Amino acid sequence: MIITRRHLPRRLFLKGMGAAIALPALDAMTPAFAASPLGLGGKPTRLAFTYVPNGVTMANWTPCGEGPGFEFSRILKPLEPFREETLVLSGLAHRNGAALGDGAGDHARAAASFLTGVHPRKTAGADIQNGISVDQIAARQFAGETRFASLELGCDDSRTIGNCDSGYSCAYTNSLAWRGPATPMPPETNPRLVFERLFGDIDTSLPPATRARRLLYRRSILDLVTDRTSALMREVGPSDQRKLDEYLSSIREIERRIERAEKDLTGITPMIDKPSGIPVEYADYVNLMFDLQIVAFQTDSTRVVTMMMGREGSLRTYPEIGVPDPHHPLTHHRGNPEWIEKVTKVNTMHMELFGGFVRKLKETPDGDGTLLDHSILVYGSGLSDGNKHTHDDLPVLVVGRGGDLRLGRHVVYPKDTPMTNLYLTLLDRMGVRAEQIGDSTGEIEHLTGV
């Protein structure tokens, strides 16, 4: 690490044995930013996709009214404090998520087409075929500017082989990101391994038992860079010292939460091996994954993240909110009011957790603004009505001021407007040129301008 009293390089790491901690933007880096297109006045835009499985109860999702005066629905209510940073979009569709002669398998097609706009080949074998996802198009452009081209995260068990939905491979139900038509990028579901990827050099190819033994004896990742941290603190001003202290404290807190999760065996069936680092409570699990995203964005370790709050067809239960029933079967409610209410509770909980993510991004300084000012967040599902398995009028939100969008509105598009038109437009606002994504027909209207 080289430190001068004039300015610090943007790509500065606190390095120790087995650790490499990237730093957030500091005032002392201003000269370095000023000489770069990624200066404090022109921060890079981050792109994050958050996926919820099994559709939503659309009657409790769709807002009343259009334009800036819309009324937040029950499910969207947790985002009301962020009205001026939120776009609710209705009418968008994924035609290629529908059967198109292939019969059952809507859950697999919903996840597989969500970011690709492509109708996946129906197979449970090795001959999977999909398309390149929008996140990976962006990741290719930024790959040389960040440590990681992209991060793929998940909060549900994940596998890529076998039959997971009516003859469709598990690769479809469990993966949002596709590097190529036959190359899914399964999400990492263990927060510890995400943490180690961002800040350590643990060998993830080792057997879990071996990794667990090693982790028992390792020190905190911050303890490995104590000397470097002390030296840096002496070289920067009071404002940067506060930023560093807050940032390093957040890393320490994430680490402690992971350690607590590793020790907490409450509610785990003894016959099942609990992966280390995964909290028992779902909310703790999701919040931890969101916080890891924030740190990754804060340090510009990556600018592209996808996260599945649950795999498509998820059977997760939510007893903490009074829903002990598996999620997917509940969505086949056949009009049962009690089941609809339970699904709505799950949908609302997901939104509350996402709202917490939005709030933290808004509270995290980033150059001359906040991370939310320099991010585009897309939240949604590849199904609208989970009972009918519909792929039109999908639930989708765009949150964040990245891309200079016209926010604070509910926009209703003509029926069957391709969702991929939205993606094409968002990429354009990030400076990423793409001629076509899946079934896109051109950029979407009414997102920019007066």
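Values in this document were obtained by computation on a predicted structure and should not be read as measured data.

Caption draft 1: Representation of the packing of helix H5 (residues 191-199) against helix H9 (residues 282-298) in the model. Where H5 contacts H9, the two axes come as close as 10 Å, and the packing angle between them is 10°. Judged by the inter-axis angle, H5 sits roughly parallel to H9. Each of Pro191, Val194, Phe195, Leu198 and Phe199 in H5 lies in contact with H9, whose residues at this interface are Tyr285, Leu288, Met289, Leu292, Val295 and Ala296. Residues that form the contact of H5 with H9 fall into these classes: eleven nonpolar, no polar and no charged.

Caption draft 2: A look at the confidence of the model for the protein. The predicted model of the protein averages 87 in pLDDT, with 85% of residues at 70 or higher. Here residues 1-6 is modelled with pLDDT under 50, and outside its nearest four sequence neighbours on either side it reaches 13 contacts, counting other chains as well.

Caption draft 3: Representation of the state of the cysteines. Scanning the entire structure with this criterion turns up one disulfide. A disulfide bridge connects Cys164 with Cys170, and the sulfur atoms are separated by 1.9 Å. One disulfide, between Cys164 and Cys170, carries an S-S torsion of 85° and so falls in the right-handed class. By relative accessible area, Cys164 is classed as partly exposed at 30%.

Caption draft 4: Expanded view of the environment of Asn190. Mapped onto the elements of the fold, Asn190 is located in the loop between strand S9 (183-185) and H5. Classification of Asn190 by relative accessible area gives buried; the value is 7%.

Caption draft 5: Seen up close, the packing of aromatic side chains. According to the stated counting rule, one finds 13 aromatic pairs in the structure shown. Above the ring of Phe70, the side-chain terminus of Arg83 is found at 4.7 Å from the ring centroid.

Caption draft 6: Examining the layout of surface pockets more closely. As a volume, the second largest pocket reaches approximately 480 Å³. Taken together, 23 residues line the second largest pocket, and the ones lying closest to its centre are Ser250, Ile294, Gln298, Thr364 and Pro365. Broken down by element, the residue count for the lining of the second largest pocket peaks at seven residues, all from helix H8 (residues 238-263). Taken together, the residues of the lining of the second largest pocket break down into nine nonpolar, four polar and ten charged.

Caption draft 7: How the structure looks around empty space enclosed by the protein. A complete count under the given rule lists three cavities of 30 Å³ or more for this structure. Each pocket or cavity is described by its volume, and for the largest cavity that value is around 50 Å³. Forming the walls of the largest cavity are Gly154, Cys155, Asp156, Asp157, Ser158, Asn174, Pro187, Thr189, Met308, Gly310 and Arg311. Counted by class, the lining of the largest cavity contains three nonpolar, five polar and three charged residues.

Conventions we followed
- Residues numbered from 1 in each chain as written.
- Predicted model: local features only at pLDDT ≥ 70, side-chain atom pairs only at ≥ 80, totals over all residues.
- Heavy atoms only, no water.
- Axes fitted to C-alpha atoms, helices over the stretch in contact; angles between N-to-C directions.
- Helix = DSSP H or I, 4+ residues; strand = E, 2+ residues; numbered from the N terminus.
- Parallel < 35°, antiparallel > 145°, perpendicular 65-115°, else oblique.
- Contact = heavy atoms within 4.5 Å.
- Nonpolar A, V, L, I, M, F, W, Y, C, P; charged D, E, K, R; others polar.
- pLDDT = per-residue confidence, 0-100.
- Disulfide = S-S within 2.5 Å.
- Buried < 20%, exposed > 50% of the residue type's maximum accessible area, 1.4 Å probe, protein only.
- Phe/Tyr/Trp six-rings, centres within 6.5 Å; stacked < 30°, edge-to-face > 60°.
- Lys NZ or Arg CZ within 6 Å of the ring centre and 35° of its normal.
- 1 Å grid on protein atoms, 1.4 Å probe; cavity = no way out; pocket = protein on both sides within 12 Å on 5 of 7 lines; lining within 4 Å.
- Points joined across faces, edges and corners; volume = space filled by probe spheres on them.

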